[in-house]
Amino acid sequence: MNRIDYLRISLIDRCNFRCTYCMPEDAEIDYVLKQDLLTQAELLTLLRQVFIPAGFTRFRLTGGEPLIRSDVVDIVAAIAALPETQDLSMTTNGFLLADKAQDLYDAGLRRVNISLDSLDAATFDQLIGRRSSGTKTNWDKVWSGIQTAYAVGFNPLKLNVVVVPGVNDREILDLAALSIDREWHIRFIEFMPIGNGALFEKSGWISSESLRGQIRERYGIEESSITGNGPADIFKIPSAMGTLGFISQMSECFCDRCNRMRLSADGMLRPCLLNETGQIDLKTELRQGTDLAELRDRVIKLVEWKPEINYKLRDSGNAQGYARSMSQIGG
Ligand code: SAM
Ligand code: SF4
C-alpha cells in the first residue's frame, strides 16, 4: 500500500486569475469568508499536533492562488522550520512571483511549480480569463516570475501545462522545447471535467500518449531515469537538460498510486480529489475545542481507509463533471 504522507494545503480559494478550465467566468463560486479561512496559527497547530503525528511530512501550498495570501511568506517560514518537514513546495500561477521569489526562498521554500499554459500573450489572456493592461502583458509578468524564481535558485523548477484542445494544443512542441536548454521540467496535465462542464463538453481532452506521439515525431522522446514520487510519468527529449512529465488522470487512472490528501482553505480534510467521502471538517472541530489527540486518531483512521475511498475516474465512466472547481478543492 502507498504511504500517505503528502498533504496539499490550500491557503486560499480565491485567485487573481479566472482560468477558463478552473473558474469559468459564468460559474457561481461560494468563496470562503475571511473568518472561515484557517489562520496561520490554526494551520500550524493542525500540522504539529495532527498531521505530523499521523505521518505527513511532505507539504505543498496551493489554492486558489497561494501568493495572494498576505501571510504566505510567514507560513512558508513556519512550515519549513518544523523539524519533521521533509519537503515543502508550492503551486502558483506565477503572477506575483517576481516580487516574492527571493523572500519565499529565504523563508525556506525550495520547490515551486508554476502554471504556464501558453507562450502567446493573447492565448494566455484567453486561458486565464483576464485582459492585459499597461505596458507588460499578463504573460510577461508570469514569465518574469519564472525567470526570477530560476535566478533565485528554485530547483527543480516545474511548469504545469493544462492542454485544452482548440486553445493551446498547437503549442505543445514549443512548450516541450522549454526543457531542452534549461533545467526546467514541463508537466502536461490532462484536462479534467472539474467545475468547467461547458468548456469540457465543447473541447474534450487530449491524452498524454497523443502528446508524447507529437513530441516523439518532432524531437524524439525517452523514458527518464528520474522517477518522481507523484502521479507524473517522466520522460525527456534526448539530451535535454530538463524533463517532461505527464499527468494522465483521465487516460490512466492512478488512484492506486495516490499518496496524498488535501486540506481546503476552510480546513476541510479531503482524502480524494474526486469525491467527498470521509472528509473531516478540521476547522470546525478545532474551533469547537475537540481534543487534538482525538482529531489525530480520526485522521489516522482516514489514512487507513483511503484506498477504499479513492475514486477511479476512468472506471467510473463519469467524465461529466464535478461541481466544485480545482480552486475550491485546492488543486
Ligand atoms: N493557482 C495556482 C496555479 O494555477 O498554479 C494553484 C492552484 S491550481 C487549482 C493547481 C493546478 O491545477 C494548476 O496547475 C492548474 O493548471 C490545475 N488545474 C486547474 N483546473 C484543472 C482542470 N480542470 N484540469 C486539470 N488541471 C487543472
Ligand atoms: Fe487561479 Fe490556478 Fe485556478 Fe487558474 S488554475 S483560476 S490560476 S487557481
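About the cut-offs
- Residues numbered from 1 in each chain as written.
- Chains lettered and ligands numbered in written order.
- Predicted model: local features only at pLDDT ≥ 70, side-chain atom pairs only at ≥ 80, totals over all residues.
- Heavy atoms only, no water.
- Helix = DSSP H or I, 4+ residues; strand = E, 2+ residues; numbered from the N terminus.
- Rg over C-alpha atoms; globule rule 2.2 N^0.38 Å.
- Contact = heavy atoms within 4.5 Å.
- Areas by Shrake-Rupley, 256 points an atom, 1.4 Å probe, with all protein chains shown as cover.
- Near = heavy atom within 4 Å.
- Polar contact = N/O pair within 3.5 Å; in protein donor to acceptor, adjacent residues only side chain to side chain.
- Pairing = 2+ DSSP bridges.
- Axes fitted to C-alpha atoms, helices over the stretch in contact; angles between N-to-C directions.
- Nonpolar A, V, L, I, M, F, W, Y, C, P; charged D, E, K, R; others polar.
- 1 Å grid on protein atoms, 1.4 Å probe; cavity = no way out; pocket = protein on both sides within 12 Å on 5 of 7 lines; lining within 4 Å.
- Points joined across faces, edges and corners; volume = space filled by probe spheres on them.
- Expected span 1.5 Å × (residues − 1).
- Bend = angle between axes of the 7 residues up to and from the residue.
- Buried < 20%, exposed > 50% of the residue type's maximum accessible area, 1.4 Å probe, protein only.

A.B. asks: Teacher, can you tell me more about the overall build of the protein chain here?
C.D. replies: Regarding its fold elements, the protein chain presents 12 helices and 12 strands. By the compact-globule yardstick of 20 Å for 331 residues, the protein chain fits well, its C-alpha radius of gyration being 19 Å. If you take every contact in the protein chain between residues at least 6 apart in sequence, the share linking residues at least 24 apart comes to 72%. Of the roughly 14,200 Å² of accessible surface on the protein chain, a fraction of 48% belongs to carbon and sulfur atoms.

A.B. asks: Before we go on, may I ask you to explain the site of ligand 1 in this structure?
C.D. replies: The immediate surroundings of ligand 1 are formed by 19 residues, with Y21, G64, S115, M192 and M326 found nearest. The side chain of S115 places a nitrogen or oxygen atom 2.6 Å from an oxygen atom of ligand 1. Backbone polar atom of M192 to a nitrogen atom of ligand 1: 2.9 Å apart, as the coordinates give it. Contact with the protein chains covers 96% of the free accessible surface of ligand 1, which is 550 Å². At the level of secondary structure, the elements contributing two or more residues to the shell around ligand 1 comprise strand 3 (87-92), strand 5 (157-163) and strand 6 (184-190).

A.B. asks: Help me understand the sheet that holds strand 3, please; the structure alone is not making it clear to me.
C.D. replies: Backbone hydrogen bonds are what pair the strands of a sheet, in a parallel or an antiparallel way. The mixed open sheet is built from 12 strands, whose spatial order is 7-8-9-6-5-4-3-2-1-10-11-12. Each of the sheet's edge strands pairs with one partner strand only, and the pair in question is strand 7 (222-223) and strand 12 (280-281). The sheet contact formed by strand 7 and strand 8 (residues 233-236) spans 2 bridges and is antiparallel. Across the sheet, the residue bridging to E223 is F235, located in strand 8. The strands that helix 5 (residues 138-152) touches are strand 4 (111-115), strand 5 and strand 6; relative to strand 4, the one it contacts most, it runs at about 165 degrees.

A.B. asks: For this particular structure, what's the right way to read the site of ligand 2?
C.D. replies: Taken together, C15, F17, C19, C22, M23, G64, N93 and S327 make up the full set of residues adjacent to ligand 2. By residue class, the composition of the shell around ligand 2 is 5 nonpolar, 3 polar and no charged.

A.B. asks: Would you explain the layout of surface pockets in this entry?
C.D. replies: Regions of empty space are outlined by a rolling probe, equal in size to a water molecule, passed over the atoms. Its volume calculated, the second largest pocket comes out at about 250 Å³. If you go around the second largest pocket, you meet 14 residues; those closest to its centre are I12, K34, L37, R69 and S70. For the lining of the second largest pocket, the residue count by class is 6 nonpolar, 3 polar and 5 charged.

A.B. asks: Help me understand helix 10 (residues 292-309) in this model?
C.D. replies: Counting along an α-helix, one turn takes 3.6 residues, and residues three or four places apart therefore face a common direction. With 18 residues, helix 10 should cover 26 Å at 1.5 Å per step; its first-to-last C-alpha distance of 24 Å lies within 8% of that length. In the structure, helix 10 departs most strongly from a straight axis at V303, where the bend amounts to approximately 35 degrees and where the proline P307 lies between one and four residues downstream. Restricting attention to buried positions, one finds in helix 10 the residues L295, V299, L302, V303, K306 and I309. Contact partners of the buried residues in helix 10: helix 1 (40-51), strand 10 (260-263), strand 11 (268-270), strand 12 and helix 9 (282-287).

A.B. asks: Before we go on, may I ask you to explain empty space enclosed by the protein in this structure?
C.D. replies: Tallied over the full model, the rule gives 1 cavity of 30 Å³ or more. Here the largest cavity is characterised by a volume of approximately 60 Å³. What lines the largest cavity is I9, S10, L11, L38, T39, Q40, L43, R69, I75, S264 and A265. Looking at the lining of the largest cavity, the elements that each hand over two or more residues are strand 1 (6-10) and helix 1. Within the lining of the largest cavity, the residues separate by chemical class into 6 nonpolar, 4 polar and 1 charged.

A.B. asks: What exactly am I supposed to notice about unusual backbone geometry here?
C.D. replies: Glycine aside, the phi torsion of most residues is negative, and most peptide linkages are trans. Here the amide bond leading from N155 into P156 is cis, since omega sits at 0 degrees, within 30 degrees of zero. In this structure, P156 sits in the loop between helix 5 and strand 5. You will see that S239, though not glycine, has its phi angle at about 65 degrees, which is positive. Within the secondary structure, S239 is located in the loop between strand 8 and strand 9 (244-247).

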